[in-house]
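Letter by letter, the chains look like this.
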Amino acid sequence: MRIVDTNIIVRYVLRDHEEMYAKAKTLLEEQEIFIPLEVVAEVVYVLEKVYRTERTDIRETLLTLSDYENLSFYEHDLMTESFTFYCDERLDYIDALLCAYKKIKYAEIDSFDKRLNNVLRQITTIDADDS
Amino acid sequence: MEAIKLTKTIRSHTLQISELDQFQGQTVEIIILALEQTPRTKPVRTQKKSAGGMLSKYKNIELWEQESHAWERAVKEKYANR
């Protein structure tokens, strides 16, 4: 299994250093790479908190990356759904992931965070046994 | 015996199969069978759009050293508002 660190993805999407971009491009476009959710989360934080990137731009870019045939993501559908909550509800990315866990995996989420709880309450899930 | 045959590419630990409606309430047997694939000499990127440089309008190399503190900053900002 080959995994890339956050900075490989950040250099690739920002293209702010041509030599590093070329190395990142080779890895991300030609190698079989696994990208854990932890790396996705850190990429989001770097782009949002450091580079002040618009959430919708982050979503579009990472979802484009997730379409690469040679890249595999942990719980791809979870990651895809998390960006809906991240952009539409403007939640912190980890909170958005928790919402995706509820919607996709039917997980019960407990939190003291009122804002998160408000969003969680609005998520309707379809139980496989309720037909 | 009802049966369906599907071909899907596994990308995560979860599969969404809308065709399962007809089996609701039934006990089913699930078999995952890997299809043989033609060996590739080099992985081929088949996606139409590239993410490379998609966010280049935000680049600022003076911010590089802040990258390692991004997660910490996110946590501080999140809990500062409570």
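Placed above this text is the structure.
About the cut-offs
Residues numbered from 1 in each chain as written. Chains lettered and ligands numbered in written order. Predicted model: local features only at pLDDT ≥ 70, side-chain atom pairs only at ≥ 80, totals over all residues. Helix = DSSP H or I, 4+ residues; strand = E, 2+ residues; numbered from the N terminus. Expected span 1.5 Å × (residues − 1). Buried ≥ 20, exposed ≤ 12 C-beta atoms within 10 Å, placed from the backbone. Arc of directions from axis to C-beta. Contact = placed C-beta atoms within 7 Å. Nonpolar A, V, L, I, M, F, W, Y, C, P; charged D, E, K, R; others polar. Core = buried A, V, L, I, M, F, W, Y, C linked by C-beta atoms within 7 Å.

Engineer: How do you make sense of helix H2 (residues 18–30) of chain A when you look at a structure like this?
Structural biologist: Three- or four-residue spacings in an α-helix give side chains the same orientation, since the helix completes a turn every 3.6 residues. Residue and element names in this part refer to chain A. Its 13 residues give H2 an end-to-end C-alpha distance of 17 Å, which sits within 8% of 18 Å, the value for a rise of 1.5 Å per residue. Taken as a whole, H2 has its buried residues at Ala 24, Leu 28 and Glu 29. Taken end-on, H2 shows its buried residues confined to a sector of 110°, consistent with a single buried face. Structural note: H2 exposes Glu 19 and Thr 26 on the side pointing more than 90 degrees away from its buried face. As for H2, its buried residues are in contact with helix H1 (6–14), strand E1 (33–35) and strand E2 (71–73).

Engineer: What is the right way to read the interface of chain B and chain A from this model?
Structural biologist: Interfaces are often described in size by the accessible area the parts lose on coming together. Listed as interface residues are 31 residues of chain B and, on the opposing side, 37 residues of chain A. Broken down by class, the residue content of the side of chain B that touches chain A amounts to 10 nonpolar, 13 polar and eight charged.

Engineer: Looking at this structure, I do not really get the nonpolar core. What am I missing?
Structural biologist: For soluble globular proteins, the rule of thumb is that nonpolar side chains tend to be buried together. Counting residues in hydrophobic clusters, the biggest one holds 46 residues, and the most contacted among them are Val 13, Val 40, Val 43, Val 44, Ala 96 and Cys 99 of chain A. Other than its neighbours up to four places away in sequence, Val 13 of chain A contacts Thr 61 of chain A together with Ala 51, Met 54 and Leu 55 of chain B.

Engineer: Explanation requested: the environment of Val 10 of chain A in the structure shown.
Structural biologist: On the secondary structure map, Val 10 of chain A appears in helix H1. The buried category is assigned to Val 10 of chain A, around which 23 C-beta atoms lie within 10 Å. In sequence terms Val 10 of chain A and Ala 24 of chain A are 14 residues apart; their C-alpha atoms lie 9.0 Å from each other. With sequence-adjacent residues up to four places away left out, Val 10 of chain A is seen in contact with Val 43 and Val 46 of chain A together with Glu 67 of chain B.

Engineer: Looking at this structure, I do not really get the environment of Tyr 93 of chain A. What am I missing?
Structural biologist: Residues and elements named next belong to chain A. One can find Tyr 93 in helix H6 (residues 93–105). Between the alpha carbons of Tyr 93 and Val 44 there is a distance of 7.3 Å; along the sequence they are 49 residues apart. Once residues lying within four places of it in the same chain are set aside, the contact partners of Tyr 93 are Ala 41, Val 44, Tyr 45 and Tyr 86.

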